[in-house]
Amino acid sequence: MKNELVCVECGRAYPVLSGRVKCACGGQLVPTPPEKLGRVNAPGIWSWANALATAVFKSRATLYEGNTPLIRASRLAEELNLREVYLKDESRNPSGTFIDRGSATLVTAAKSLRLTRLVAASLGDLGVSVATYSRRVGLRCKVVMPSYTTPVKAYQTAMLADSVEYVESYKESLSKAWKYGSAPANMPVTPQNPFLLDGYRTLAMEILTDLSTKRPGVVLVPVGDGALAYATIQIVSKFSPNTTVIGVRASSKSPLLKDVAVDRPLFADLLKELMDCSGGYMIEVGEDDVVSALKLLAKCEGMLTELTGATAVAALIKLSDDLRGTSPIVSIISGGPARDPAVLRMVVSEGHPRYLTRIGFTKMKILEILALQGPLHPYAVWKILKGEYGVNVSLRSIYQHFSELSEMRLVEGTEEREGRRRRKVFRITDEGLSLIR
Ligand SMILES: [Zn+2]
C-alpha cells in the first residue's frame, strides 16, 4: 500500500505525511487505490487499514463507524418487481451518515500532523460529523454553514463545534473554510479534502466483500458534491469492473432536500469522466420521489429514514423498470431515522410536500428573538443575529426573511411613528409561537 495522495490533474504524488489537501497546481488530490481488499482485526473503519492511505498514522480515531449492515430487502424487491435488492444502511453510523467514515480518517491525520483546528464548510451533515470526531480527539473545530440550514443540524453543530459562522450561501461557506483553514496549524475541510475521501472508500470495500463471491450489478450512491460517488467508483472500477455505479442527485429546487442538494457538485467533472468510462450515470430525484421512497421503506421493510437519506431508494423506484434484469442491486441509505415532526406529519397525512413549511435556522432564530424581546425592527434583529449568534448575512437578506415570514403569517408588521419617520416593527403571531414551542 502506497501512502500517497495523487493529483488527478497533473499526476504529481505527495506523501500522506505532507498533509497536503490540494496539489500545487490547484488540482484535486485523491488517495491511491489499494492493491487488494483484506480486513484486519481493528475497530471501526480501521479494519480496512491495509487499504487506507491514512493508516500510516498509528494513533487512530474511531467511534466504531462503518461495518454497517447490508440488509436484504426482499419485500421491497417484490414490490418493485426486482430480483435481489440490498440496502446498505449508513444511518447506523455514530452521527447518522457515511461521512463518519471520512471523519475518522480526517481527524486521525489532522491530530497526527499536530494541527490544532479544522475549519469545515457544511450544508448540515458534514459539520456535525467532523465536529463529532474533532471532539473525540480534542481538536478544535469551526463550522461555516449557510444560514438556511435546518435548525436540527444547526443546533447539533452548535453543541459539537467550537464556533459556528452562518453565511449567505454554501458557496460562501466553502470559500471561507478554505480561507480560515489555510492559516498555520489549521486544515480546511470541504468535500474535496483527500483525508475525508480516504475513509469514504471503505463503504464500497464493505459492499463488495459483504456479498462474498457475488458482485453487485448496480450500486446506487447519493450525490451531494459527489465525494462519496468518486470514492465508490475508484474502488468498484478496480475490484468489480462490471458493476455499474449510478449517482443520485437531489433536486436543488426542492426546499425539503436543501441539506443535501447543491447546484453544481464539486466533483461534477471528475464524476462525468469516470462514469463515461465505466458505463455509470447520474439521475435526479425530487421531493415527491423521496416521499414515495420514505413510505415504501416503512411499508415494506419497517425502516424510517430522513428524507435526505432516502434519495438512492427514490432513484431505485424511478429506475425499477430499467433495472428489471439486473441483480443484485445495492442502494445506500444515509441520514438518521426520520424524527422531524413536520416531515412525519406530512408523510402520515398524505400531504403534498408543497404545503409543508420548512423553517431554516435564521428564520427560527428571528422567531425566537421576537418571542423573547417583543416587537422589533428588522435592523435590530439583524444586529442581534450578528452579535449574538454568528449569523453573518446581509441586512437585505434579513428583510427578505421578514417578508417571507409575513407571507407565512408567522410574523406581523405594524407601522410605527418615530418623530417624523415611519418604520415597520414586527411581532410574532400565535402561529409563529406554536412553531417554536
Ligand atoms: Zn496537480
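Our focus in this paragraph is the overall build of the chain. If you tally the helices and strands in the chain, you get 15 helices and 15 strands. Since a compact globule built from 437 residues should have a radius of gyration of about 22 Å, the 23 Å found for the chain is in line with a globular shape. Principal-axis analysis of the C-alpha atoms gives the chain an extent of 80 × 55 × 35 Å. Taking all 437 residues of the chain together, the buried fraction comes to 57%. Across the chain, every contact between residues at least 6 apart in sequence was considered, and the portion connecting residues at least 24 apart equals 67%. Of the roughly 18800 Å² of accessible surface on the chain, a fraction of 50% belongs to carbon and sulfur atoms.

With that settled, the discussion passes to the domain arrangement of the chain. By a widely used convention, the size of an interface equals the accessible area lost when the partners come together. When its domains are assigned, the chain resolves into domain 1 (70-93 + 200-353) and domain 2 (361-436). Each of domain 1 and domain 2 has a C-alpha centre, and the two are 39 Å apart.

Before going further, it helps to examine the packing of helix H2 (residues 99-112) against helix H6 (residues 194-210). Between H2 and H6, whose axes approach to 6 Å, the crossing angle comes to 140°. Put simply, H2 runs oblique to H6. H6 is crossed by H2, and the crossing has right-handed handedness. Where H2 abuts H6, its residues Ile 99, Arg 101, Gly 102, Ser 103, Thr 105, Leu 106 and Ala 109 lie against Phe 195, Leu 196, Asp 198, Gly 199, Tyr 200, Thr 202, Leu 203 and Glu 206. A breakdown of the residues in the contact of H2 with H6 according to their chemical character gives 7 nonpolar, 5 polar and 3 charged.

A separate point is the pairing of strand E8 (residues 163-167). With respect to burial, E8 is a largely interior element, 4 of its 5 residues being buried. Both strand E7 (residues 140-146) and E8 contribute to a ladder of 5 bridges, which runs parallel. Note that in E8 the partner of Met 145 across the bridge is Tyr 166. In this view, the connection linking E7 to its parallel neighbour E8 by way of helix H4 (residues 151-160) has right-handed handedness.

This part covers the coordination of the zinc ion. Donor atoms from the polypeptide that bind the zinc ion are Cys 7 (SG), Cys 10 (SG), Cys 23 (SG) and Cys 25 (SG), placed at 2.2 to 2.3 Å. Of note is the zinc ion, whose 4 donor atoms meet at the metal with angles of 106 to 121° in an arrangement that counts as tetrahedral. As a motif over one chain, the donors of the zinc ion read C-x2-C-x12-C-x1-C.

Pairing is possible between side chains of opposite charge, provided their charged atoms come close. The full count for this structure, using the stated rule, is 23 salt bridges. The salt bridge involving Asp 162 is made with Arg 135; its shortest N-O contact spans 3.6 Å. Placement of Asp 162 in the loop between H4 and E8 and of Arg 135 in helix H3 (residues 125-137) is noted, with a sequence separation of 27 residues between them. Assessed through its relative accessible area of 43%, Asp 162 is described here as partly exposed. We classify Arg 135 as partly exposed; its relative accessible area is 40%.

What counts and how
Residues numbered from 1 in each chain as written. Predicted model: local features only at pLDDT ≥ 70, side-chain atom pairs only at ≥ 80, totals over all residues. Heavy atoms only, no water. Helix = DSSP H or I, 4+ residues; strand = E, 2+ residues; numbered from the N terminus. Rg over C-alpha atoms; globule rule 2.2 N^0.38 Å. Buried < 20%, exposed > 50% of the residue type's maximum accessible area, 1.4 Å probe, protein only. Contact = heavy atoms within 4.5 Å. Areas by Shrake-Rupley, 256 points an atom, 1.4 Å probe, with all protein chains shown as cover. Domains from an automatic or database assignment. Axes fitted to C-alpha atoms, helices over the stretch in contact; angles between N-to-C directions. Parallel < 35°, antiparallel > 145°, perpendicular 65-115°, else oblique. Left-handed = near helix turned anticlockwise from the far one by under 90°. Nonpolar A, V, L, I, M, F, W, Y, C, P; charged D, E, K, R; others polar. Pairing = 2+ DSSP bridges. Right-handed = clockwise from strand over helix to strand, strands pointing away. Donors = N, O, S within 2.8 Å, 3.2 Å for Na, K, Ca; no water. Tetrahedral: all angles 85-135°; square planar, octahedral: opposite > 155°, others 65-115°. Salt bridge = Lys/Arg side-chain N within 4 Å of Asp/Glu carboxyl O.

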